Amino acid sequence: MDAKDVASDLDAVLLTEEQIQQSLARLAREIEADYEGKDLLIVGVLKGALMIVADLSRHLNRHVQTDWMAVSSYGSGTRSSGVVRILKDLDTDISGRNVLIVEDIVDTGLTLSWLLANLKSRGPASVEVCAFLRKPEAAKTQVDVRYVGHDIGNEFVVGYGLDFDERYRNLRVIGTLSPHVYS
Ligand code: IMP
């Protein structure tokens, strides 16, 4: 299977490479303004936020530190298991730090509420959230996402870090999968 086959599994492209970079640049300007004169620690949530953190941090014209957490909330399907487990914890002591959690996508908000509570209990100066994509259900919940890249529909999306069964993370675009992939 070559790269062309991977892209042909998409039903539709939701966001092109250019649109993704434009949104990240916009978010970077907002973050720069809000954190002016303050330290900033980006906590990327693996594995989905890998590409977003890499590109978002390079859009930032300021000092920034990066750390990673890996949590599991999804099995090998398209439905949330509702169970959050830490697979990899932070290397950094976040007490007194300004933490910005960077998530690929917020769906039910389960993962995020759990993460927020967990990180807040460690005594940071502040914790905010940047989610590149937000699904309708998340927009309705109490989870406060300060920086949102795009509000999308309820469809399952892949690419640019987002996976289906650990595949499609390496796509440069974000899109919906063709039904033939599921069958
Ligand atoms: P939540 O706990 O329901 O908000 O789910 C958040 C996590 O589910 C994300 O970090 C993703 O790993 C995964 N997820 C939710 N929707 C999608 C999707 O459309 N494509 C790929 N992964 C998704």
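For the structure, see preceding data.
Conventions adopted
- Residues numbered from 1 in each chain as written.
- Predicted model: local features only at pLDDT ≥ 70, side-chain atom pairs only at ≥ 80, totals over all residues.
- Heavy atoms only, no water.
- Salt bridge = Lys/Arg side-chain N within 4 Å of Asp/Glu carboxyl O.
- Helix = DSSP H or I, 4+ residues; strand = E, 2+ residues; numbered from the N terminus.
- Buried < 20%, exposed > 50% of the residue type's maximum accessible area, 1.4 Å probe, protein only.

K.L.:
Explanation requested: the pattern of salt bridges in the structure shown.
P.N.:
As a working rule, side chains carrying opposite charge can pair if their charged atoms are close by. Summed over all chains, the structure comprises 13 salt bridges. A salt bridge links Asp 55 to Arg 58; the shortest N-O distance between them is 2.6 Å. A residue pair is termed a helical-turn pair when its members lie 3 or 4 positions apart in one helix, as Asp 55 and Arg 58 do in helix α3 (residues 50–59) at three residues. When its relative accessible area of 15% is taken as the criterion, Asp 55 is described as buried. Overall, the relative accessible area of 63% leaves Arg 58 in the exposed class. In this structure, Arg 122 and Asp 89 form a salt bridge, with 3.0 Å as the shortest nitrogen-oxygen distance. In this pair, Arg 122 is assigned in the loop between α4 (110–120) and β6 (126–134) and Asp 89 in the loop between β4 (80–88) and β5 (98–106), connecting sequence segments 33 residues apart. Arg 122 gets classed as partly exposed once you look at its relative accessible area, which sits at 25%. Each of Lys 47, Asp 163, Glu 166 and Arg 169 takes part in a single network of salt bridges with overlapping partners.

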